[in-house]
Each structure stands twice: as C-alpha cells, then as structure tokens.
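Residue-level structural notes
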Amino acid sequence: MAQKSTIYKAELSVSDMDRHYYETHKLTVAKHPSETDERLMIRLLAFASSASGNLEFSKGLSADDEPDIWEKSLSGEIDLWITLGLPSEKIVRQSCGRAKAVIVYSYGGKTAEVWWDKIKTATSRFDNLSVVNLVTSETNELAGMANRSMKLQVNIQNGDVMISVDDKVVYVTPIKLQNCKG
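Residues numbered from 1 in each chain as written. Predicted model: local features only at pLDDT ≥ 70, side-chain atom pairs only at ≥ 80, totals over all residues. Heavy atoms only, no water.

1. Digging into the pairing of strand β7 (residues 129-134)
A regular strand places its side chains so that they alternate between the two faces of the sheet. What counts, and what does not: Here the term buried applies to any residue with accessible area under 20% of the maximum for its type, exposed to any over 50%, and partly exposed to those in between, with areas from a 1.4 Å probe on protein chains only. Where helices and strands are cited, they refer to DSSP runs of H or I of at least four residues and of E of at least two residues respectively, numbered from the N terminus. At least two bridges found by DSSP between two strands is the condition for calling them paired. With its strands directed away from the observer, a crossover is right-handed exactly when the path from the first strand over the helix to the second travels clockwise.
Along β7, six of the six residues are buried, which leaves the element largely enclosed by surrounding structure. Bridge analysis of strand β6 (residues 99-107) against β7 gives six bridges, and the strand direction is parallel. Bridge assignment links Ile103 to a residue of β7, and that residue is Ser130. Where the polypeptide runs from β6 across helix α3 (residues 110-123) and back to β7, its parallel neighbour, the crossover connection is right-handed.

2. Overview of the environment of Glu23
Here Glu23 shows up in strand β2 (residues 21-31). Given the relative accessible area of 44%, Glu23 is considered partly exposed. Placed eleven residues apart in sequence, Glu23 and Leu12 show a C-alpha to C-alpha distance of 8.2 Å.

3. Quick word on the sheet that holds strand β9 (residues 160-165)
Heads up, the rule is: A fitted line through C-alpha atoms serves as each axis, taken over the contacting stretch for helices, and the angle formed by two N-to-C directions is quoted from 0 to 180°. Residue contacts are defined here by distance: any two heavy atoms, one from each residue, within 4.5 Å place the two residues in contact.
The strand order across the open sheet formed by five strands is β2-β1-β8-β9-β10, and the pairing between neighbours is mixed. For this open sheet the edge positions go to β2 and β10 (168-172), each flanked by a neighbour on one side alone. Taken pair by pair, the neighbouring strands of this sheet meet at an average axis angle of 20 degrees, ignoring direction. Here strand β1 (residues 6-16) runs beside strand β8 (residues 149-157); their pairing, made up of eight bridges, is parallel. Bridge pairing in β8 places Ser15 opposite Asn155. Strand contacts of helix α1 (residues 37-49): β1, β2, β8, β9 and β10, with the helix running at about 150 degrees to β2, the strand carrying the most contacts. In this fold helix α4 (residues 136-143) packs onto β9 and β10, with an angle of close to 150 degrees to the strand it touches most, β10.

4. Some thoughts on empty space enclosed by the protein
Applicable threshold: Residues are called lining when one of their atoms sits within 4 Å of a cavity or pocket point, these points coming from a 1 Å grid over the protein atoms alone, where a cavity is a set in which a 1.4 Å probe fits but cannot get out and a pocket is an open set with protein on both sides within 12 Å along at least five of seven lines. Grid points are joined across faces, edges and corners, and a volume is the space filled by probe spheres set on the points. Throughout, the ten residues Ala, Val, Leu, Ile, Met, Phe, Trp, Tyr, Cys and Pro are labelled nonpolar, Asp, Glu, Lys and Arg are labelled charged, and all others, Gly among them, are labelled polar.
Enumeration according to the criterion identifies one cavity of 30 Å³ or more in this entry. Empty space within the largest cavity amounts to approximately 30 Å³. In terms of lining, the largest cavity is formed by Leu12, Met41, Leu44, Leu45, Ala48, Leu142, Leu152, Val154 and Ile163. Going through the elements one at a time, α1 and β8 are the ones with two or more residues in the lining of the largest cavity. For the lining of the largest cavity, the element with the highest residue contribution is α1, accounting for four residues. Considering only residue class, the lining of the largest cavity consists of nine nonpolar, no polar and no charged.

That's the geometry; what it means functionally is another story.
Structure, rendered in structure tokens:
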C-alpha cells in the first residue's frame with residue numbers, strides 16, 4: 001500500500017522590502033512521502049521569495065510535468081515556474097519554453113556545484129531563467145524548523161532572507177548563479 005502525503009499547515013507572514021510585498025498566507029502543504037524536511041522548508045522559502053496572490057503549490061513530486069510552485073495568469077498561461085533541486089538541462093529547457101519566467105532553487109552542496117558546472121553553458125541562452133543556489137548549512141537549519149503546524153515570519157531585504165519561528169531564527173543568503181534577463 002502506498003504511503004500518503006503528510007499535511008502541514010503554515011502561516012507564512014512575508015515582509016519583502018525588495019518587492020514592497022507584505023502579506024500573510026495561510027498554506028496547506030502536502031509533504032510527499034519521499035520529501036525531506038529540508039526540501040519542504042525550501043519550498044516554503046521559495047514561495048515566500050516570490051509570494052503573490054496567485055502563487056500556488058502544484059502537485060510537485062507527484063507530477064512529472066509540473067513545477068513545485070507556479071503562478072498562472074487568468075487565461076491559464078504560466079507566468080512563473082519554480083522548481084527545486086537539480087533538474088536536467090532538458091527539463092530546464094522545457095520549463096523555459098512553457099513559462100514567462102523560471103526560477104530553479106538548487107541545493108545540496110558539492111552535488112549542486114557539479115550540476116551547475118554541467119548545465120550552465122547550455123542554459124545561459126535562456127533569458128527567462130534564474131538559478132539560485134542555497135547553502136547546505138542554511139538549508140539544514142531550515143529543516144530543523146519543520147513542524148506540522150508553523151507560524152513563519154519571513155523578512156527579505158537586499159536579497160537576504162530571515163526566517164523565524166517562535167524564538168528560532170535562520171538567516172539564508174541565496175546565491176544567484178544566473179539572473180533572468182527578460
């Protein structure tokens with residue numbers, strides 16, 4: 001019998017000084033049986049970093065042809081495609097063809113560095129692609145915050161992210177490997 005997803009409830013209060021976005025999102029997040037706490041928290045970080053009224057989680061790991069997070073226009077076009085991990089060059093190419101903007105959040109230390117060295121030349125031609133790498137020590141700290149019911153405060157300023165839950169604070173400095181040109 002297949003394992004079922006675990007449901008997490010997150011109240012995400014976002015104060016993004018860079019984009020002048022200040023909202024609270026009440027989210028229900030399904031954690032796939034194969035998903036780690038680290039990946040779950042990176043999904044919440046990615047959501048907060050691009051938060052808007054239309055941003056939503058997709059089926060994620062349960063669907064091969066969908067990102068982890070996306071924003072669609074009222075007519076159904078994909079405005080923003082956010083994926084986590086180390087997607088192949090083929091998947092990055094297909095994503096860039098389907099969405100106006102694509103953000104890849106890579107993580108995993110040395111493995112992520114090797115992945116980026118392998119695909120950076122082939123993906124540099126995509127004007128709608130941004131690639132952000134997250135440092136392992138920071139994502140490990142984030143994983144320690146995972147809880148089935150969370151109230152997260154996310155402050156973003158000058159690209160740096162501060163995430164707090166109760167009295168615990170984690171600072172994340174995303175490293176931009178490639179910025180969207182369009």
